[in-house]
Amino acid sequence: MDSSPASHGNNSTNHHRPSSSELISNAKMVADAAKSSLRHERHKVDKGRVAGAAANLVGAASRKFEGRRLGRYLGKAENFLRHYHSSHSTTTTAGSSHSATATSQSSS
């Protein structure tokens, strides 16, 4: 039986593995997005970028549970978030921003 991540529905091997500092930045982005949503400022959240950040976090967790049922579920969640990120993101550089708000959408 193949125990590679791809056999469990997790294609994280096709993606950059973020460093610890990138994961912390991703966690901050997700937290900032949650705060904006609680303040009813959802229009300020770039959902595609937040999905990419969440995918990085879920992907890191899925590697910790690789080969177990939970790892497979986390891998599926990561794939969903990466698909959402790729289809809804306004930028192509994942993890490069430290803010969950879409500053490029504000008028000049």
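Within each chain, residue numbers correspond to sequence positions counted from 1 in written order. Local features in a predicted model are, by the rule used here, given only for residues with pLDDT of at least 70; side-chain atom pairs are given and counted only at 80 or more, and totals for whole chains, interfaces and linings are based on all residues. Side-chain descriptors were evaluated using all non-hydrogen atoms of the structure, hydrogens and water having been removed beforehand.

## With respect to the overall build of the protein
Here is step 1 of the chain: A tally of regular secondary structure across the protein gives three helices and zero strands.
Here is step 2 of the chain: When the elements of the protein are put in sequence order from the N terminus, they spell out α-α-α.
Here is step 3 of the chain: Counting over 108 residues, the protein shows a buried share of 35%.
Here is step 4 of the chain: Long-range contacts, defined here as pairs at least 24 residues apart, represent 73% of the contacts in the protein between residues at least 6 apart.
Here is step 5 of the chain: Method for areas: the Shrake-Rupley scheme with a 1.4 Å probe, in which residue coverage is limited to the protein chains shown. For the protein, the accessible area works out to roughly 6900 Å², and carbon and sulfur atoms hold 56% of it. Put simply, DSSP H or I for four residues or longer makes a helix, DSSP E for two residues or longer makes a strand, and each gets a number counted from the N terminus. In this scheme, a residue with accessible area under 20% of its type's maximum is buried, one over 50% is exposed, and one in between is partly exposed, where area comes from a 1.4 Å probe on protein chains only. The contact rule is simple, with two residues in contact once any of their heavy atoms fall within 4.5 Å.

## What about the packing of helix α1 (residues 20-38) against helix α2 (residues 47-64)?
Here is step 1 of the chain: Only the stretch in contact is used when a helix axis is fitted, and all axes are lines through C-alpha atoms; the angle between N-to-C directions ranges over 0 to 180 degrees. One can describe the packing of α1 onto α2 by two numbers: an axis separation of 9 Å at closest approach and a directional angle of 130°. Of the possible angle classes, the one that applies to α1 and α2 is oblique. For the pair α1 and α2, the crossing hand works out as left-handed. Here Leu23, Asn26, Ala27, Met29, Val30 and Ala33 of α1 lie close against α2, whose contacting residues are Arg49, Val50, Ala53, Ala54, Asn56, Leu57 and Ala60. Roughly parallel means an angle under 35 degrees; roughly antiparallel, over 145; roughly perpendicular, 65 to 115; everything else is oblique. For any pair of crossing helices, the crossing counts as left-handed if the nearer helix is rotated counterclockwise from the farther one by less than a right angle, and right-handed if it is rotated clockwise.

## Here we look at α1
Here is step 1 of the chain: The length a helix should cover is 1.5 Å for every residue beyond the first. In this model α1 runs 27 Å from its N-terminal to its C-terminal C-alpha over 19 residues, within 8% of the 27 Å that 1.5 Å per residue would give.
Here is step 2 of the chain: Along α1, the positions that sit buried rather than exposed are Leu23, Ser25, Asn26, Met29, Asp32, Ala33 and Ser36.
Here is step 3 of the chain: Considering only its buried residues, α1 is in contact with α2.
Here is step 4 of the chain: Downstream of α1 by one or two residues, histidine 40 has phi in the positive range, about 60°.

## A look at the nonpolar core
Here is step 1 of the chain: Here the nonpolar core consists of buried residues drawn from Ala, Val, Leu, Ile, Met, Phe, Trp, Tyr and Cys, with membership extended through side-chain atoms lying within 4.5 Å. Counting residues in hydrophobic clusters, the biggest one holds six residues: Ala51, Ala54, Ala55, Val58, Leu74 and Leu81.
Here is step 2 of the chain: Mapped by element, the contributors of at least two residues to this core are α2 and α3 (69-88).
Here is step 3 of the chain: A total of four residues in this core trace back to one element, the largest contributor, which is α2.
Here is step 4 of the chain: Those residues within four positions of leucine 74 in sequence are excluded, and the remaining contacts are Val58, Ala61, Ser62 and Phe65.
Here is step 5 of the chain: Among the nonpolar cores identified, the runner-up in size contains five residues, and Ala33, Val45, Val50 and Ala53 belong to it.

## Focus: the environment of valine 58
Here is step 1 of the chain: Mapped onto the elements of the fold, valine 58 is located in helix α2.
Here is step 2 of the chain: Taking the C-alpha atoms as reference points, valine 58 and leucine 81, 23 residues apart in sequence, are found 8.9 Å from one another.

## Concerning the confidence of the model for the protein
Here is step 1 of the chain: Known as pLDDT, the predictor's confidence for each residue is given on a scale from 0 to 100. Mean pLDDT over the protein works out to 78, with 69% of the residues at or above the 70 mark.
Here is step 2 of the chain: Of all helices and strands in the protein, the one with the weakest mean pLDDT is α3 (94), whereas α1 scores best (96).
Here is step 3 of the chain: Here residues 1-13 is modelled with pLDDT under 50, and outside its nearest four sequence neighbours on either side it reaches 20 contacts, counting other chains as well.
Here is step 4 of the chain: Long-range and interchain partners of residues 92-108, a stretch whose pLDDT sits below 50, account for 23 contacts in this model, where long-range means more than four residues apart.

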